[in-house]
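Fold and geometry: a report
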Amino acid sequence: MRIQIIAVGERMPAWVQDGYQEYMKRITSGMTISLVEISAEKRNKSANIQKILVKEAQRMLQAVAKDHYIIALDKDGQSWSTEVLADKIRAWQQDGTNISILIGGPEGMTAELISQAQARMSFSAMTFPHPIIRVMLAEQLYRAYSIINNHPYHK
């Protein structure tokens, strides 16, 4: 199974890169995970945020691999437990489904981009900085992987 994480923002702080990589190196089989970083548009006081979001959305959609099931991370999405995520990944593996998970930038994603996703997942009703979400997503993917493989990490 291939999982593509498509995230707005490049050159993350070392702690984000280190945290993300720590969990990715633990996934040794059954899932190939790649991170595609989309450059964020320049923001300033007079920036048109809607235009910025549209440009970022276009680049995110262009990065989605062909025939991938798209999941948008959105605070208004469904809240999945780790066990539910593991069950979904197990089913996608059995079906041969590959997925792309979208992480927006500081202002999130356009409604149009979110509507093109087959699923919307929420980590919380709270808003988190997008760099932290990369680490949280990596950890949850690893935790789901450990459930699927009967590894004691989840216990």
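So, a few notes on the structure that sits alongside this text. Because the structure is predicted, anything quoted here is derived from the model rather than measured. Per chain, the residues get numbers from 1 upward, laid out in the order the sequence is written. Only residues with pLDDT of at least 70 get local features here, since the model is predicted, and only at 80 or more are side-chain atom pairs given and counted; chain-wide, interface and lining totals rely on the full set of residues. Hydrogens and waters are ignored; side-chain quantities use all the structure's heavy atoms.

**A few points about helix α1 (residues 14-24)**
Note the threshold: Relative accessibility decides the category of a residue: with a 1.4 Å probe and only protein chains considered, values under 20% of the type maximum give buried, values over 50% give exposed, and everything between is partly exposed. For helices the rule is a DSSP run of H or I covering at least 4 residues; for strands it is a run of E covering at least 2, with both sets numbered from the N terminus onward. Think of the arc as the fan of directions from the helix axis to the C-beta atoms. Any two residues whose heavy atoms approach within 4.5 Å at even a single point are treated as in contact.
The set of residues buried in α1 consists of Val16, Gly19, Tyr20, Tyr23 and Met24. Buried positions in α1, seen along its axis, are confined to an arc of 130° and lie on one side of it. Exposed and facing more than 90 degrees away from the buried side of α1 are Ala14, Trp15 and Asp18. Check the buried side of α1 and you find it contacts β1 (2-8), β2 (32-38) and α5 (130-148).

**Structural notes on the sheet that holds strand β3 (residues 69-79)**
The condition that has to hold: One bridge is not enough; two strands pair if DSSP finds at least two bridges between them. Here the axes come from fitting lines to C-alpha atoms, over the contacting stretch only for helices, and the angles between their N-to-C directions go from 0 to 180 degrees.
In spatial order, the strands read β2-β1-β4-β3-β5; together these five strands make up an open sheet with parallel pairing. What marks the edges here is a single partner per strand, and that holds for β2 and β5 (119-122). Adjacent strand axes in the sheet meet at a mean angle of 30°, parallel and antiparallel pairs treated alike. Taken together, the four bridges between β3 and strand β4 (residues 99-103) define a ladder with parallel strand orientation. Bridge pairing links Ile70 to Ser100 in β4.

**Observations concerning the pattern of salt bridges**
The criterion, for reference: Within this document, salt bridges are pairs made up of a side-chain nitrogen of Lys or Arg and a carboxyl oxygen of Asp or Glu, the two lying within 4 Å of each other.
In the structure shown here, the tally under the stated rule is 10 salt bridges. Two residues, Lys25 and Glu22, come together in a salt bridge whose shortest N-O distance is 3.2 Å. Glu22 sits in the partly exposed class, given a relative accessible area of 28%. With a shortest N-O distance of 2.8 Å, Glu139 and Arg143 are connected by a salt bridge. Taken together, the residues span about one helical turn, with Glu139 and Arg143 both in helix α5 at a distance of four residues. Look at Arg143 and you get buried, because its relative accessible area is 19%. Bridged by salt links that share partners, the residues Glu22, Lys25 and Arg26 form one connected network.

**Comments concerning α5**
Defined as follows: In this scheme, a helix's expected span is set at 1.5 Å multiplied by one less than its residue total.
Here α5 contains 19 residues, and its C-alpha end-to-end distance of 27 Å stays within 8% of the 27 Å for a straight helix at 1.5 Å per residue. Most of α5 is tucked away: 17 of the 19 residues are buried. Phi turns positive, to about 55°, at Asn150, one or two residues after α5.

**Let's talk about the packing of helix α3 (residues 82-95) against α5**
How we decide: Should an angle fall under 35 degrees it is called roughly parallel, over 145 degrees roughly antiparallel, and 65 to 115 degrees roughly perpendicular, with every other angle called oblique. In the scheme used here, Gly and all other residues not listed as nonpolar or charged are polar, with Ala, Val, Leu, Ile, Met, Phe, Trp, Tyr, Cys and Pro taken as nonpolar and Asp, Glu, Lys and Arg as charged.
For the pair α3 and α5, interaxial distance at closest approach is 9 Å and the crossing angle is 70°. When the axis of α3 is compared with that of α5, the two are roughly perpendicular. Contact residues: Thr82, Glu83, Leu85, Ala86, Ile89, Arg90 and Gln93 in α3; Gln140, Leu141, Arg143, Ala144, Ile147 and Ile148 in α5. The residue makeup of the contact of α3 with α5, split by class, is seven nonpolar, three polar and three charged.

**Re the environment of Leu61**
Take Leu61: it is sitting in helix α2 (residues 49-63). Taking C-alpha positions, Leu61 is 9.0 Å from Ile6, a pair spaced 55 residues apart along the chain. Apart from residues lying up to four places away in sequence, Leu61 is in contact with Ile70, Leu113 and Gln116.

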